[in-house]
Structures are given as C-alpha cells and as structure tokens.
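# Architecture and fold: a report
Letter by letter, the chains look like this.
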Amino acid sequence: MSDKSVTKVRLTAPIVRSVPSQICPGCQYWTLGRLFAEVLQELNIYSKTIGVIGAGCHGNSTAVLNIDSILAAHGRAPDVATAIKRLRQDAIVCTIQGDGDCIAIGAGAFIGALTRAERLTMIMCNNANYGTTGGQLAPTTLMGQVTSTSPGGRGTNHDGFPTHTAELAAIFKGVAYSARGAINTPANYQRTKKYIKTAFRKQMEGVGLSFVEVLSNCPPNWHLSPLESLKWIEEKMIPEFPLGEFKNVERI
Amino acid sequence: MTERMFVQGNEAVGWGALNAGCDGFFGYPITPQNEIPEWFAREFPKRGRVFVQSQSETGSINMLYGGAAAGFRVITSTSGPGWGLMQEGMSHIAAAELPCVVVLVQRGGPGAGSVRHAQMDYLSATRGGGQGGYKNIVLAPSSVQEVHDFVQLAFYLADKYCNPVVVLSDGIMGLIMESFEMKTIEFGPLPEKTWAIRGRENQKDGMTHLLHSAPGVAPSRGYMTYLSWLEHMDQKYKQMADAEVRYEMYQAEDAKLLLVAYGYPSRVSKEAIKMARSQGLKVGLIRPITLWPFPTQIIREKADQGYRFLVVEDSLGQIVDDVRMAVQGRTDVALLGVQARHLPTDGEMILPGRVLQEIRRLL
C-alpha cells in the first residue's frame, strides 16, 4: 500500500498514549484529542507543550496526549497556565476547558488572562451543558434547551441568554486570535484543525493570547443518539454560535 | 554577603524571598500588606524574576499552584478576605503536594472587619481552612529579622515536605520598621523536584509528567488507591509534626505563670514580663514559632509541673484553644484577648501595662 493512497494524517511521533476510556459512547472528545495530536505533531511542539486541564469531560481529549500536563481546580486553568508560561517562557502552554469551567466558574480567571494578554493558547469546548455532572444549565445552553436545572427550557426561569465566548475574547486588545470551530463533519474538523494550528502559531511567534472555542456534542445529556447529536450541532448550535475567525492579527 | 537594612516588615518579605532564590511573586492588593506586592513589582522584574498582579486572590493562589508545579519557588501574600478566597487553592496545593509560600498579614475580622492589625486568622491558617482536611506548617515571626528569616525557612520547609507553608504576620509586624541583617540562610540539601512538569524535552527521566490534586491519575506520583494516598499524607503530616516544632522560652525557668503569645503580642508580653520581674513577680513566656505543628509537648510538661497559663492574643480567642488542648484540663488557662485593647477602635493594641495588670490579678 503506497502512502499516497492514505489521505488521513498518520501519527508518527510518540505523541499519543494508551489510557482507559472515560468517555461516553459517541462523545467527540477523543476525536478532539486526535485533532490536538495532529496539530502538535505537525508543528513539532509536543515535547515542549504543557497542558493545563480544567475540570470536566474535556480533559479526556488531552489525556490521550503524551505531554506534560496538570489538572487545575474548576475554572482556574488560566491562572495555573499564566504562572507556568511566565516562569518557563520557552514552553508552549495550552489550556483546555469546558464552557462552564471557562466562562461560568472560571470567568474571572479567563478575563484576567485576556486582560494581561498572557501568551497562552486557550481552548474551550462548548457542549451547551454541564456534561460531567449530568447535564445542567451552562452559560452556553441554547434558548429553550431543556437541562436538569432548566426543566422548562432555558428562558422560562430568568436564566439569561447564551454566552458567545469567542466573540467576547476577540474584543480584548491583547488577544491575537479568536475563532470558533466544530468537529461534527470532516470539513469542519479540517477547518477547526486549521484554527487550532493558527492559535498555537500565535503563541510560538509570541504575538499574543489565542483562543479557540470548539462546539462539541454530549449525546447522553442531550438525550440524542451520537448521529442525532451531530445533526443537532449543525441545526441548533451553529446558528446560535457561528463558526469562523473573529480575530487574527500579526501584531498587537 | 551580610548587610544591615532598615525596612518595614512587609518589605522584609521581599528581601527574604530574594535571598531564598524565589522565582516569582503572584499577588493582589489588600490592606495591610500592599507594600509586599509593591516591593515585588519594583524589585523582581529588574532582576529577571516574575511579578504578576493577579485578578483576585483566587487567581494568586492558583498561579502558585501552576508555578510550583513547574518546579519554581513561588510566593504570594494576602490578608483576611483574600485569605478566605485562597482556601480552595490551598487545599488543591496541599493535595497535589506542591511547595510554595503564602505570607498572611492578619487584619481584623470577621467579614470586612478592619484593615488594621489583629490575630484572627490563626484557626484557618493552622487547621487547613480549605476543603478536605490537609495540614500546613505555619511560622509566626515577631520581628522584621524573623520575617526575613522565616520567609527563607518557609521555602526550605515547603521544598522539604512538598507542602505549602504559611508565614503568619499581622498588620503591626507588616508596618513596623526595624533594622535587620540581610543574608542568605543555608538550611542544607533538598530533594530534586523530579515530579515537576517542564515539558517532556526537559525531563531527565524522559517520562510524561501529570500532576493532579487527587490520587490515581498522577503517574509521576502514583498512588494505587484513595486510602493509600490518604495514608501517605497522614505519614507526612506526622513527620512534620514530629520534626518541625519550634518555640522560644523567655524567663520561664522559675516562673509561676507562663504567658503564651505569638507575633506582636509576644513583644508586648516580653515588655510586661520585664515590668513584672522588676516588681518581683515570677512570670515567663512560651512563644510558639511554629503555630502548626504547635508546641504541645512543652506546654503539657509545664502544665504537669503545675505552671499556670495566660494567653495573650489579639482576637476573641483562637490560639487559646491549642493551649487548652495541650494542658488537658490539668491547670488553668486564662485569656487576655482583643477586648483588652487600650481603646475600643480598630487601630489600638493590647499594651504591656494591661498585660501586667492581668499578671498581677492572676498571681
């Protein structure tokens, strides 16, 4: 079999490791782990990358990576990453958080890092609910979406409106790059991979903070089959959370 | 190099950290410790060291979690309300076994309380104020020299036990100006931080390192079960409690009454003892230097020998609980607390004359 016939990327570096599965059937977090692995390999930075992982299911996407990492307290990954990057400037420091971790309990830490223009790459997984704790209302929950703490659907109990984190990050002067992607189709996977790669490049070149929001599924808490959940992202989430780059500057 | 300087207690924190080879300070302004972040902002960047003003004390303590995990010597400072915010992070740092130093310049509580000196965070500092029951060494300086020295000792003990260490100062210790001898103190060799996260290319063992404030998912530390992790912690805390008790005895030999005080009330107590001795009253002082581990043994021995105790502390009574636990009801323990200040406002003090009055009443 010639390599030319293989269209998908082969992971050659010892970048992934074997860990027990802690994710639900149909969850995309290992797909996201695969995407990270491809990016770190192609940029050849995996051996200098330090991952700072928030509290939540999204940690499974980096658990498969053979990189040094630390699990932060809920919402505090930007603080933990700030100190590591300031003290070890040659490292590539990346945070991965869920929507609740990043923009609910960790909103202060997140805004603090944006304000100080930390040279970090920050990834936020948006699955429109709290997956780990069983599907409660998140800042990103869609209007009308039923969760275990919005049983009448969001909007019936004074629970506000969905937070648009990628657009928010783009407002900050110290942010070099902000984008939102999804991994529900092969085309979106490739586009999101490009976003995340660009985000890491911004850190490698020392431009400024880079942020990528990734729409991801949660079949059990959405009460949908894996395939239906991908369709739900396309039909419900993307209209609320448009994909694309909101900021991309070469210099601040 | 030895050099004498004349500085505030708060600034001595900075000189102590510098002499300890501290790599980074992370902090948030709060009275009465603002001179500490201001010192680091002025002195650290020009020496190639890191200063970050965090967005909150929650931020500061989690920055310490990150900096310590990366193998660096890191420090923060705060006071009452900020200390409250740090409790979550303190617990995670203790659980992840990361060495770092927190300087707590006590002010009056509870709540917003007062921005002036007090000793009302003793219990939360010595009991593991955050979730889940951890322990940390607490050092109590009573002079600018000791602030400087104890910050260095704190870094050593933190690295020795892979545990956070608190230097418990107060508004008076922070703002008092005294002459002190500036020097780097040698404490002896320390284990290498083989567990730190540095990026794989910087790891001597070539392994991937993962740190977490829980057992099970940390191959660089690796405990087989939850209970084996707790058992390891228990052993470590017992080792600290056995090896690290420090205290000062002052005129205690022939005393009938022993005062117990730390921080500024220990200075006040010494003055009161001098006055009492000149009047022929046999009184002395036990000054705990480590508040945890507490000098229980010496106090119990003295209780067995029939000594009585008077605790002088600027609160409604916190360290007095530890003294009462040490004496186990074998002798009397009196308390001269915050109500003994010479005026009822928040900037006043327990003065030596008032302590002497209490000594006379008890003897």
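Residues numbered from 1 in each chain as written. Chains lettered and ligands numbered in written order. Predicted model: local features only at pLDDT ≥ 70, side-chain atom pairs only at ≥ 80, totals over all residues.

### Considering the nonpolar core
All names here are of chain B. What counts, and what does not: Residues of type Ala, Val, Leu, Ile, Met, Phe, Trp, Tyr and Cys that are buried and joined through C-beta atoms within 7 Å form what is called a nonpolar core. Counting other C-beta atoms within 10 Å of each residue's C-beta, where C-beta atoms are placed from the backbone, gives the exposure class: buried for 20 or more, exposed for 12 or fewer, partly exposed between. Secondary structure elements are defined from DSSP: runs of H or I of at least 4 residues count as helices, runs of E of at least 2 residues count as strands, and each element is numbered from the N terminus. Domain ranges listed in this record stem from an automatic or a database domain assignment. In this description, any two residues whose backbone-derived C-beta atoms lie within 7 Å of each other are considered to be in contact.
Ranked by internal contacts, the top residues of the largest apolar core, which has 186 residues, are Val101, Leu139, Val151, Ala154 and Val311. With 10 residues, helix H6 (residues 144-161) is the single largest residue contributor to this core. Split by domain, the residues of this core number at least three in each of domain 1 (3-182) and domain 2 (248-362). For Val151, the contacting residues outside a window of four places in its chain are Val13, Gly16, Ala17, Ala20, Val101, Val103 and Val167.

### Remarks on the domain arrangement of chain B
Residue and element names in this part refer to chain B. Taken domain by domain, chain B comprises domain 1 (3-182) and domain 2 (248-362). The distance between the C-alpha centroids of domain 1 and domain 2 comes to 26 Å. Counting residues at the interface gives 22 residues for domain 1 and 19 residues for domain 2. The set of elements that each furnish at least two residues to the side of domain 1 that touches domain 2 consists of helix H5 (122-126), strand E6 (137-139), strand E7 (164-170) and helix H7 (171-175). Among the elements that make up the side of domain 1 that touches domain 2, the one with the highest residue count is H5 (four residues).

### Structural notes on the interface of chain B and chain A
Defined as follows: Residues are grouped as follows: Ala, Val, Leu, Ile, Met, Phe, Trp, Tyr, Cys and Pro are nonpolar; Asp, Glu, Lys and Arg are charged; all remaining types, including Gly, are polar. For two strands to count as paired, DSSP must find a minimum of two bridges between them.
Listed as interface residues are 32 residues of chain B and, on the opposing side, 27 residues of chain A. Breaking the side of chain B that touches chain A down by element, the ones donating at least two residues are strand E2 (24-27), strand E3 (50-53), helix H3 (57-69), helix H4 (80-96) and strand E9 (210-211) of chain B. Top contributing element to the side of chain B that touches chain A by residue count: H3(B), with seven residues. Each residue belonging to the side of chain B that touches chain A can be placed in one class, and the counts come to 12 nonpolar, 15 polar and five charged. Taken together, the two bridges between strand E2 (residues 68-71) of chain A and E9(B) define a ladder with parallel strand orientation. Within E9(B), the position partnered with Ile70(A) by the bridge is Leu211(B).

### Things to note about the confidence of the model for chain A
Low-pLDDT stretches of the model should not have their predicted coordinates read in fine detail. Short version of the rule: A score between 0 and 100, pLDDT records how confident the predictor is in each residue.
Confidence in the prediction for chain A averages 94 pLDDT; 97% of positions are at 70 or higher. The low-confidence segment residues 1-6 of chain A (pLDDT under 50) makes zero contacts with residues lying over four places distant or belonging to another chain.

### Re the sheet that holds strand E6 (residues 209-215) of chain A
Across the sheet, eight strands lie side by side as E7(A)-E5(A)-E6(A)-E4(A)-E3(A)-E1(A)-E2(A)-E9(B); this open sheet has mixed pairing. In the strand order of this sheet, the two ends are held by strand E7 (244-248) of chain A together with E9 of chain B, each with one partner. Where strand E3 (residues 92-98) of chain A and strand E4 (residues 121-126) of chain A come together, five bridges link them in parallel fashion. Residue pairing across strands places Ile96(A) opposite Ile123(A), the latter belonging to E4(A).

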